[in-house]
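Coordinate analysis (summary)
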Amino acid sequence: MQLIAYKNGFTLSTSKTAAVHFCRNRNLHLDPEIKLHGHSIPLLNEIRFLGVIFDKKLNFLRHVIALREKCERSLNILRVSSTTAWGADRASMMRIYRAIILSKIDYGSVIYGSSRKTVLQRLDPVHHTALRICSGAFRTSPVKSLIPSHVGIRGNEDADKAAKSASAFYNMSVPVCDLKKHIKNHLCFSWQTQWNLETQNKLHHPVKPVIENWPSMRNRKSDTVLTRLRIGHTRLTYRYLLMGEKAPTCTHCGCSLSFIHFLVECPFFNSQRLRYFQTTSVTLLTLIGTYPHEKLFPFL
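A brief structural summary. Each residue is numbered by its place in its chain's sequence as written, counting from 1. The predicted origin of the model limits local features to residues at a pLDDT of at least 70 and limits the giving and counting of side-chain atom pairs to 80 or more, whereas totals for whole chains, interfaces and linings rest on all residues. Side-chain metrics rest on all non-hydrogen atoms present in the structure, leaving aside hydrogens and water.

Quick word on a nonpolar patch on the surface
- Patch building starts from residues that exceed 30% relative accessible area and form no salt bridge, then joins like charges within 9 Å and nonpolar side chains (Val, Leu, Ile, Met, Phe, Trp, Tyr) within 5 Å. Here, Shrake-Rupley sampling with a 1.4 Å probe gives the accessible areas, and only protein chains in the shown set may cover a residue. For this analysis, a salt bridge means a side-chain nitrogen from Lys or Arg found within 4 Å of a carboxyl oxygen belonging to Asp or Glu. A contiguous nonpolar surface patch, about 380 Å² in accessible area, is contributed by Phe49, Leu50 and Tyr107.
- Checked against the element boundaries, Phe49 lands in strand E5 (residues 46–49).
- Burial classification: accessible surface area is computed with a 1.4 Å probe over protein chains only, and a residue below 20% of its type maximum counts as buried, one above 50% as exposed, and the rest as partly exposed. By relative accessible area, Phe49 is classed as exposed at 53%. Put simply, DSSP marks the helices as runs of H or I at least four residues long and the strands as runs of E at least two long, and each gets a number from the N terminus on.

Structure follows, in structure tokens:
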């Protein structure tokens, strides 16, 4: 190794050099002995190279754990940037999320992305927590009612890889951006197909049958209230989960209290519905759809 380095103009420092024996053989085997300038090179179980931790089994578990800890510290920036009542809007929060958290996860993903699915799933709580903070949703809100992080992130990576590999395979002068657009449309179709199967989700058919981006409101408090209504997890109906109490019931009807019952079904509020919506028969899509009813917040 010393001779090869000398011929190629490299100078190796023994004090800064370490080695890792990459091997997945479960049988007993000896580590190689490597010497440089007469000094033995220490063998380590893992080593950091260009920000990526390589372990001797190449399962990248240690790297994913360290990456999650780093991203969880970055989540504090999102927490101080906005609360449920003031601060940056949802679009700005998502930009911060992509800049300080998603960029860390994307770095080196081509290398550690080959690890097992169970290892990569350790990063999912980071996405889920960030989405809940950006949208102002409760920590008990179902993930599938938010933007599925694994679809957006992994889909972009798959689109990039497939577009590059396709253009190289066919050796055509097709712009990569055109291929990416086609692949992303296919991923959106797959996402929509998966969403169509979520028939038990409160957000599915009544409010959002088609996957699309909803515009965020300028007022952070109003946007938070609207998000919680759309997801179906509000303080009124799901506070008992946070406080460990019994499920609430409607004091007027005696049935289980839900946001659908409060907004649409309960006859006790028919006079208020008639006052603000000019009708007692309203739908969730009209009230909290893509463009919420202008009298929704006065009604609340």
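Examining the pattern of salt bridges
- Throughout the structure, instances matching the rule amount to three salt bridges.
- The partner of Glu72 in a salt bridge is Arg68, and the shortest N-O contact between them spans 3.0 Å. Within this pair, Glu72 and its partner Arg68 are both found in helix H2 (residues 61–81), separated by four residues, close to a single helical turn.
- Asp223 serves as the salt-bridge partner of Arg90, at 3.1 Å between the closest nitrogen and oxygen. In this pair, Arg90 is assigned in helix H3 (residues 90–106) and Asp223 in helix H9 (residues 220–231), connecting sequence segments 133 residues apart. Both residues of the pair, Arg90 and Asp223, count as buried.

Re the packing of helix H6 (residues 124–135) against H9
- Note on geometry: axes are lines fitted to C-alpha atoms, helical ones only across the stretch in contact, with angles between N-to-C directions running from 0 to 180 degrees. Contact pair H6 / H9: the axes reach a minimum separation of 9 Å and the direction vectors enclose 125°. Classified by the interaxial angle, the pair formed by H6 and H9 is oblique. Between H6, through Ile133, Cys134 and Ser135, and H9, the contact on the second element is made entirely by Arg220, Thr224 and Thr227. Each angle gets one of four labels, with under 35 degrees taken as roughly parallel, over 145 as roughly antiparallel, 65 to 115 as roughly perpendicular, and the rest as oblique. Any two residues whose heavy atoms approach within 4.5 Å at even a single point are treated as in contact.

A closer look at the pairing of strand E6 (residues 52–55)
- Covered by surrounding structure in E6 are Val52 and Phe54 together with Ile53 and Asp55, the residues of both alternating faces.
- Any two strands with at least two DSSP-identified bridges between them are counted as paired. Linking E5 to E6, which pair antiparallel, is a turn of two residues; within it Leu50 sits at a positive phi near 55°.

Some details on the pairing of E5
- The pairing of E5 with E6 spans four bridges and is antiparallel. Looking at the pairing, Phe49 lines up with Val52 of E6.

Some words on the side chain of Ser135
- With respect to the helices and strands, the residue Ser135 is situated in helix H6.
- Two N or O atoms count as a polar contact when they lie within 3.5 Å, although within protein this holds only if one can serve as hydrogen donor and the other as acceptor, and sequence-adjacent residues are included solely when both atoms are side-chain atoms. Reaching out from Ser135, the side chain makes a polar contact with the backbone oxygen of Leu131 at a distance of 2.8 Å.
- There is a polar contact of 3.5 Å between the side chain of Ser135 and the backbone oxygen of Arg132.
- Dropping the residues within four chain positions of it, Ser135 is found in contact with Arg90, Leu146, Arg220, Thr224 and Thr227.

Let's talk about the packing of aromatic side chains
- What counts as a ring pair is set by centres within 6.5 Å for rings of Phe, Tyr and Trp (its six-membered ring), and what kind of pair is set by the plane angle: stacked under 30 degrees, edge-to-face over 60, tilted for all other angles. In this structure the tally under the stated criterion is six aromatic pairs.
- Measuring from ring centre to ring centre gives 6.0 Å for Phe262 and Phe299, while their planes differ by 45°; the resulting arrangement is tilted. Placement of the pair is Phe262 in helix H11 (residues 259–265) and Phe299 in helix H14 (residues 296–299), with a sequence separation of 37 residues.
- The exposure class of Phe262 is buried, given its relative accessible area of 17%.

Focus: unusual backbone geometry
- Positioned with a positive phi, Leu58 is a non-glycine residue whose angle comes to about 55°.
- Mapped onto the elements, Leu58 comes out in the loop between E6 and H2.

Keep in mind these values describe shape, not function.
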